[in-house]
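Summary of structural features
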Amino acid sequence: QENSMILSFESSCDETSVAVIKNGNKILSNVVATQIKSHQRFGGVVPEVASRHHIEEITICINDALQRANVTYDDLTAVAVTYGPGLVGALLIGVTAAKVVAWAHNLPLIPINHIAGHIYATNFVKPITFPAMALVVSGGHTELVWMPKEGKFEIIGETRDDAAGEAFDKIGRVLGINYPAGPTVDAMAQKGKDTFAFPRAMEADDNYDFSFSGLKSAFINTVHHADQIGKTLNKNDLAASFEAAVVDVLAEKSQSALEKYPAKEFILAGGVAANHGIRERLASVASKENVEFVKAPLKLCGDNAAMIGAAAAAMQHHQEAGKASLNADPGLEF
Ligand code: KG4
Ligand code: ZN
């Protein structure tokens with residue numbers, strides 16, 4: 001990671017982001033152009049709209065990132081890019097831009113898995129101590145990832161239906177909150193109480209998988225039923241009860257994983273890792289299991305290129321360099 005200066009790209013979903021990362025853990029710039037406003041009226045991310053925004057933004061972001069970092073192409077040691085998983089048309093813009101820069105300036109290209117990127121956002125706190133366990137919770141993913149050593153990832157459990165963030169967004173919509181609803185539901189939950197007994201799916205099952213669609217349906221049915229009989233429910237309590245159910249399941253599964261696997265460090269990352277309830281509860285799980293708890297910095301929980309640069313610096317010597325034939329891989333697995 002030492003003496004590296006990486007220009008990194010992230011465009012897997014609805015943020016166009018380019019960063020300059022020094023030695024794997026110093027952010028010289030991290031430009032994030034968000035498209036949220038354009039997707040809000042549709043209630044979620046529209047892939048075609050996302051691709052068009054990425055095309056418009058990408059060169060502006062590159063120039064901004066270099067300028068803010070006060071570096072030129074000559075100062076760079078490598079180029080890194082998210083090549084999956086994500087929306088194929090969105091990924092393609094970042095991948096193409098990264099390949100062009102790498103080729104034009106004769107720099108090595110480092111392809112990065114988006115989930116690995118989320119995990120390595122913790123590199124800005126401290127380097128990962130292996131073996132490590134990571135809980136990645138985002139709009140598209142909910143996974144427990146076992147990392148025996150640098151560059152090795154094994155998904156030991158994942159959601160069977162909705163991702164945690166997706167569930168936050170969908171129940172938020174029922175409460176009349178704009179996409180993405182997670183942050184607002186979180187703020188409401190802090191003011192409410194867990195008074196509705198929502199289901200904790202698969203909590204007692206002997207695996208590390210999750211399911212949030214039953215919880216989502218229970219929530220929606222509760223609200224619709226109240227509407228039908230003309231009853232008003234306390235929205236903060238609804239939010240608090242929903243969040244409590246999500247937190248319970250994430251905590252339960254993380255705890256069983258930490259009991260089984262000899263992790264030295266427990267990582268919390270992904271967009272939903274910004275959630276207050278989750279941060280607090282998983283800290284107590286880690287302390288109970290006697291492992292070091294490292295959460296992604298609040299500002300780097302959501303999608304950004306800084307985390308991709310950090311992952312690239314750590315993994316550069318643990319994986320093959322990217323080739324000119326590198327392609328976007330929307331269903332990329334570890
Ligand atoms: O990682 P991310 O930026 O994009 C994906 O890779 O999916 O995650 C975005 C997700 C959205 O679903 C958003 O509602 C959720 O993270 N989110 C939250 C909070 N902040 C963002 N969910 C719950 N509580 C929050 N504080
Ligand atoms: Zn993400």
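On a predicted model such as this, the values are computed, not experimentally measured, just so you know.

Each value, and the rule that gives it
Residues numbered from 1 in each chain as written. Chains lettered and ligands numbered in written order. Predicted model: local features only at pLDDT ≥ 70, side-chain atom pairs only at ≥ 80, totals over all residues. Domains from an automatic or database assignment. Contact = placed C-beta atoms within 7 Å. Helix = DSSP H or I, 4+ residues; strand = E, 2+ residues; numbered from the N terminus. Nonpolar A, V, L, I, M, F, W, Y, C, P; charged D, E, K, R; others polar. Near = placed C-beta within 6 Å. Expected span 1.5 Å × (residues − 1). Buried ≥ 20, exposed ≤ 12 C-beta atoms within 10 Å, placed from the backbone. UniProt positions renumbered as here; feature names shortened; annotations may be inferred. Pairing = 2+ DSSP bridges. Axes fitted to C-alpha atoms, helices over the stretch in contact; angles between N-to-C directions. Parallel < 35°, antiparallel > 145°, perpendicular 65-115°, else oblique.

1. A word on the domain arrangement of the chain
Per the domain assignment, the segments of the chain are domain 1 (5-121 + 301-318) and domain 2 (129-295). Taken together, the contacts link 16 residues of domain 1 with 19 residues of domain 2. Those elements that provide at least two residues to the side of domain 1 that touches domain 2 are helix 1 (36-40), helix 4 (114-120) and helix 10 (306-315). By residue number, the principal contributor to the side of domain 1 that touches domain 2 is helix 4, which donates four residues. Of the residues contributing to the side of domain 1 that touches domain 2, the split by class is eight nonpolar, seven polar and one charged.

2. A few points about the site of ligand 1
In the vicinity of ligand 1 there are 19 residues, among which Gly139, Gly165, Gly182, Gly271 and Asn275 approach most closely. Only helix 5 (164-174) and helix 6 (182-191) provide two or more residues apiece to the shell around ligand 1. Residue classes in the shell around ligand 1 are distributed as seven nonpolar, nine polar and three charged.

3. Things to note about helix 3 (residues 88-104)
Here helix 3 contains 17 residues, and its C-alpha end-to-end distance of 24 Å stays within 8% of the 24 Å for a straight helix at 1.5 Å per residue. Taken together, the buried positions of helix 3 are occupied by Ala90, Leu91, Ile93, Gly94, Val95, Ala97, Ala98, Lys99 and Ala102. Buried residues along helix 3 sit in contact with strand 1 (5-10), helix 2 (47-69), strand 4 (78-84) and strand 5 (109-113). Just past helix 3, the residue Asn106 takes up positive phi, approximately 55°.

4. Examining the UniProt feature "domain: Gcp-like" (unreviewed entry) in the chain
Those places that UniProt annotates as "domain: Gcp-like" (unreviewed entry) correspond, in this numbering, to residues 26-309. Along residues 26-309 the backbone is 46% helical and 17% strand, and the end-to-end C-alpha distance reaches 10 Å.

5. Brief notes about the UniProt feature "binding site: substrate" (unreviewed entry) in the chain
The sites that UniProt annotates as "binding site: substrate" (unreviewed entry) are Val136, Val137, Ser138, Gly139, Gly140, Asp169, Gly182, Asp186 and Asn275. Position of Val136 relative to the elements: it lies in strand 6 (residues 132-137). For Val136, a count of 28 C-beta atoms within 10 Å corresponds to the buried category. In this structure, Val136 is in contact with Ile115, His118, Ile119, His141, Glu143, Val145, Ala269 and Gly270, ignoring residues within four places of it in sequence. Ignoring any residue separated from it by four or fewer positions in sequence, one finds Asn275 in contact with Gly182 and Asp186.

6. Observations concerning unusual backbone geometry
Backbone torsion omega between Phe130 and Pro131 reads -5°, so that peptide bond is classified as cis. Between Tyr179 and the following residue, Pro180, the backbone shows a cis peptide bond with an omega angle of -10°. When you line up the elements, Pro180 lands in the loop between helix 5 and helix 6. Phi is positive for Asn106, which is not a glycine, with a value near 55°. On the basis of neighbour counts, which here come to 7 C-beta atoms within 10 Å, the residue Asn106 falls in the exposed class.

7. Some thoughts on the sheet that holds strand 3 (residues 26-34)
Note on sheets: strands pair through backbone hydrogen bonds, and any given pair is parallel or antiparallel. Read across the sheet, five strands follow the order 3-2-1-4-5 without closing on themselves; strand pairing throughout is mixed. Each of the sheet's edge strands pairs with one partner strand only, and the pair in question is strand 3 and strand 5. Strand-to-strand twist in this sheet, taken as the mean axis angle between neighbours without regard to direction, amounts to 20°. Where strand 2 (residues 15-22) and strand 3 come together, eight bridges link them in antiparallel fashion. Across the sheet, the residue bridging to Ile21 is Ile27, located in strand 3. Contacts from helix 2 reach strand 1, strand 2 and strand 3 within the one sheet, and its direction differs from that of strand 2 by about 25°. Most of the contacts of helix 10 go to strand 1, to which it runs at about 130°, and overall it touches strand 1, strand 2, strand 3, strand 4 and strand 5.

8. Things to note about the environment of Ile229
Among the secondary structure elements, Ile229 is positioned in the loop between helix 7 (213-228) and helix 8 (235-260). On the basis of neighbour count, Ile229 is assigned to the exposed category, with 6 C-beta atoms found within 10 Å. Considering only alpha carbons, one finds Ile229 and Ala245, 16 residues apart in sequence, at a separation of 25 Å.

9. Re the packing of helix 6 against helix 8
At a minimum axis separation of 7 Å, helix 6 and helix 8 run at an interaxial angle of 105°. When the axes of helix 6 and helix 8 are compared, the pair comes out roughly perpendicular. Residue-level inspection shows Val185, Asp186, Met188, Ala189 and Lys191 of helix 6 in contact with helix 8, the latter providing Lys235, Asn236, Ala239, Ala240 and Glu243. In terms of residue class, the contact of helix 6 with helix 8 is made up of five nonpolar, one polar and four charged.

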